[in-house]
Amino acid sequence: DLRGAVLSDRSQSQKKNPSTLARMEQLKGVDWTVIILTCQYKDSVEVFQRELEIRQKREQIPAGTLLLAVEDPEVHVGSGGATLNALLVAAEHLSARAGFTVVTSDVLHSAWILILHMGRDFPFDDCGRAFTCLPVENPQAPVEAVVCNLDCLLDIMSHRLGPGSPPGVWVCSTDMLLSVPLDPGISWDGFRGARGIALPGSTAYARSHGVYLTDSEGFVLDIYYQGTEAEIQRCARPDGRVPLVSGVVFFSVETAECLLATHVSPPLDACTYMGLDSGAQPGQLSLFFDILLCMARNVQREDFLVGRPPEMGQGDADIAGYLHGARAELWRQLRGQPLTVAYVPDGSYSYMTNSASEFLHSLTSPGAPEAQVIHSQVEKRPLLGAGSTVVSCLLEGPVRLGPGSVLQHCHLRGPIHVGTGCFVSGLDVAQSQALHGVELRDLILRGHHVQLHGAPSRAFTLVGRLDSWERQGTGTYLNMSWSKFFQKTGIRDWDLWDPDVPPAERCLLSARLFPVLHPSRALGPWDLLWMLDPQEDRGRALQAWRACWRLSWEQLQPCLDRGTTLATRRDLFFRQALHKARHVLEARQDLSLRPLTWAAVHEGCPGLLLATLDQVAAGAEDPGVAARALACVADVLGCMAEGRGGLRSGPAANPEWVWPFSLLERGDLARGVEALTRERARWLSRPALLVRAARHYEGAGQLLIRRAVMSAQRFVSSMPVELPAPGQWVVAECPARVDFSGGWSDTPPLAYELGGAVLGLAVRVDGRRPIGARARRIPEPELRLAVGPRQDQTAVKIVCCSLDDMRGYCQPQAPGALLKAAFVCAGVVSVSSELSLREQLLRAFGGGFELHTWSELPHGSGLGTSSILAGAALAAVQRAAGRAVGAEALIHAVLHLEQVLTTGGGWQDQVGGLMPGIKVGRSQAQLPLKVEVEEVTVPEGFVQKLNDHLLLVYTGKTRLARNLLQDVLRSWYARLPAVVQNARRLVQQTEECAEAFRQGSLPLLGQCLTSYWEQKKLMAPGCEPLAVRRMMDVLAPHVHGQSLAGAGGGGFLCLLTKEPRQKEALEAVLAKTEGLGNYSIHLVEVDTQGLSLQLLGTETSN
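In what follows, the accompanying structure is described. (Residues numbered from 1 in each chain as written. Predicted model: local features only at pLDDT ≥ 70, side-chain atom pairs only at ≥ 80, totals over all residues. Heavy atoms only, no water.)

## Some thoughts on the side chain of S392
In this fold, S392 is placed in the loop between β14 (389-391) and β15 (394-396). Residue S392 is classed as buried on the basis of its relative accessible area of 1%. (Helix = DSSP H or I, 4+ residues; strand = E, 2+ residues; numbered from the N terminus. Buried < 20%, exposed > 50% of the residue type's maximum accessible area, 1.4 Å probe, protein only.)

## Section: the pattern of salt bridges
According to the stated counting rule, one finds 61 salt bridges in the structure shown. In this structure, R546 and D495 form a salt bridge, with 2.8 Å as the shortest nitrogen-oxygen distance. Separated by 51 residues along the polypeptide, R546 in helix α17 (residues 540-547) and D495 in helix α15 (residues 493-496) bring together distant segments of the chain. The residue D635 makes a salt bridge to R648 at a minimum N-O spacing of 3.3 Å. One end of the pair, D635, is in helix α22 (residues 623-641); the other, R648, is in the loop between α22 and α23 (658-665), and 13 residues separate them in sequence. The burial state of D635 is the same as that of R648; both residues are buried. (Salt bridge = Lys/Arg side-chain N within 4 Å of Asp/Glu carboxyl O.)

## Topic: the side chain of H209
Its location among the elements puts H209 in the loop between α5 (203-206) and β7 (210-214). Of the residues examined, H209 reaches a relative accessible area of 9% and is grouped as buried. Reaching out from H209, the side chain makes a polar contact with the backbone oxygen of Y205 at a distance of 2.9 Å. For H209, the contacting residues outside a window of four places in its chain are Y224, Y225, Q226, Y349 and Y351. (Polar contact = N/O pair within 3.5 Å; in protein donor to acceptor, adjacent residues only side chain to side chain. Contact = heavy atoms within 4.5 Å.)

## So, the sheet that holds strand β23 (residues 455-464)
Picture the strands of a sheet paired through backbone hydrogen bonds; they go either parallel or antiparallel. Read across the open sheet, the six strands follow the order β12-β14-β17-β20-β22-β23; overall the sheet is mixed. Among the strands making up the open sheet, the edge pair consists of β12 (372-374) and β23. Mean inter-strand twist for the sheet, computed between neighbouring axes without regard to direction, equals 15 degrees. Looking at chain direction, strand β22 (residues 443-452) and β23 are connected through 10 bridges and run antiparallel. Paired with L443 across the strands is G464, a residue of β23. (Pairing = 2+ DSSP bridges. Axes fitted to C-alpha atoms, helices over the stretch in contact; angles between N-to-C directions.)

Next comes the structure, spelled out in structure tokens:
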């Protein structure tokens, strides 16, 4: 069942836990030295080499692994011959890499080699069983792609079977579906020889497959293929199941050396390209029934030498002679090597047979309530029958799919009806017309890319679900006997087979049924579908069919163009993926597009994705949708730089981008996006430019976020009050804030896309309200600005006499920027006015203003300083200008100010510091952005108890939250699953934290605080400096919980201690710890006043 052949689920529960080291090995995977993919067609080597390289770019294969696609020396060299040839090629490449001039087996001693065999042709996929797509999605994959059987097997070998094995050679067929538990329980202690991986199967299944007979210690006694009932029962385990030969084998270095040594010994040299190049006649060899069988303990030499592997069949005396010599050499080299079996009881194995019914069963979910839709875009999903499967398709209009049927790699436009029991693959929209009005039932309809004498072409095949691909037995076509088929269609046996073909060899494989060239027009499915109802056109279709050049299935195989097939599948995958990207953005879905971004970049088609993102951004009615689309463009550009262009975060104010930015500022989204696109085209030539362009796209996204947040302005209102006397100070003082839960959810765009909820405390630090501002009117028509660490100390003084002096109000690093922005946002000054600053001040106020701000807290404290300071400054300026602003309005006014200032902050800081006590702030997932505050009622006396147990530790580390903010917004816009889940949990835990406060439970609050810190670290990786981690580890035994305040990265550490009044005790604890730097511990208490505003007496202006 393909549903069992899924990629590694790292969270899967295990019955047997391996050691931590083994677990780390599994998660990391095997660091393969060489991976070889063998294939039987020479013209497919480059195609499959590229497929391996694509998977290496997707990080499915380690970056340093040598990748080799190797052609089998002959088409029918056998699994053993292909293994020997691949081992020789690997040793040759490793020898050359190590500087040797001849092949030496010494290179195997430190190598982990994986040989994957493509095997024989497969009637249901032109690229073989390895590249058969499965109905599997891996949401954890870093790169979005359809999942092939090869991908599943790579994952199983790298993360399940391979970890822990010593150097050596793994061999894995790709003609089966495997399911292996995360810990297969294989021990490699003291291992030597070869080891087969066995998976459980029923005795009925074993009758047509291979099984191992082992002793109690796991040594192989014999290997049976299609054994007798008695032989199979001899292999049965206590639970009645038997160990099936799974197609996976491991050779130790010693055994691999013995096998490699045979490549110079006739007749085994004929299995390698070296032997053929030296003139040897090609030979055939089985991996299991030649190479491994000679190591089985119960096998006798005489029986082995005269035996014949099942895959070879009967032949003439020359073949018998070759085989006798080959087996004699294998016996000489390998007989002394032990062969054991590792039985994986919780795994499963299923050989991919040529039965269409079995194939369909493995791809579908019989009994499932709905269809499986994998990497596909379907307009009319209700038309897909229960238990059907759609993989990598684009279905437009009414496409009806019956239960148990499968569509793969199709772009179809309805009305189309595919009934039950069908497999349809490789059709494009051009062939949709042929399916209109036709109901398919129990049919396999496929489109193929072929090369006919070097010219590319299309061909189509149609067979019945019940038709047999075997040469023996009574043949059928389209689920009916040949005689009935001839009678129904008018086709005769001489149309299909030459007269000299014996009746026993006249079968589906050799019948020239399939048109590949028409004398005057392109071919389509209609060139075969007429056979379903041949009476309809009075013989014209039969005449057209006879006029075509036709091939049998066997003749078609060498003509298949596997490179074009895979390229076309990839093109269709991206076409449906672009539809998905558009839908995800426009429907505001929380799905990540980053895996698709990486896929587009790695596989050379980022241009199509960029164009789609441009269209979404330009046509968006919601600024949030447009902002996310622009952020996705930035992601594409960053991925295109492939880590070589510098840090993603950086400035975004290059003059070349001013024009598109100005259009976005004006709200002209369509022209703004078009201007961005034109400018982007000039920045694609090298990684450094790509990264700088990405920064500017993120800057453009910030402009749109700003427009969205500006919607909060509608909740800013003020009332006229008496104008203070000139010289009279208006003083605003505020507490700091400590966040206990929910931080980051208040940050735009999360605040209005997800909805935010933050629980915060207004706090005094060491008994002081550390943040404030004071403003007064002065007679001079100018603005005097002062910034200092305390109310009575000034560090920076600025005088603005003109509008030019106001420049920099939107540049947070410019001196006095916040104070200038306060005057702009309070409406005291208009920077776009035609009036001068002097004229504006004189007309409205008869003079100017003086504004001082202060914060006693260090920069980057994490206690909300800048936002609370902005609130204090706005309150003071508004009151000095004769207007009173309520607390709710002030919260929204600060949001507006911070967008003007371009710091892009959330709302939790001003809620925490402007509003008193313990409260929860909330915003809904909608625009306009509105913040509502609810006071949290706590038990009587609990505030004092909290004060006794709360402490702040200044860590001595500071970090600008802005860089952290850029990283968080990038992750949110990418909708990384872990970030989306964590953001939802932040909001959910806020309500749990509020309940803990209502209960007055310090232990519960401690748990909230500690888990909150873990959530912050998930949200902003890198926010925990090593010195802080060391400090937290030292303090952990003494606290209920702890978290860095704010965004983290430094600043203050908030502690909820187990015992009351622990300042001195914890100072003593930290004093004994080395390497903590310049820290200090501070008392903290809940402030029950919030913002206070008072008018003082007048002073003479200096």
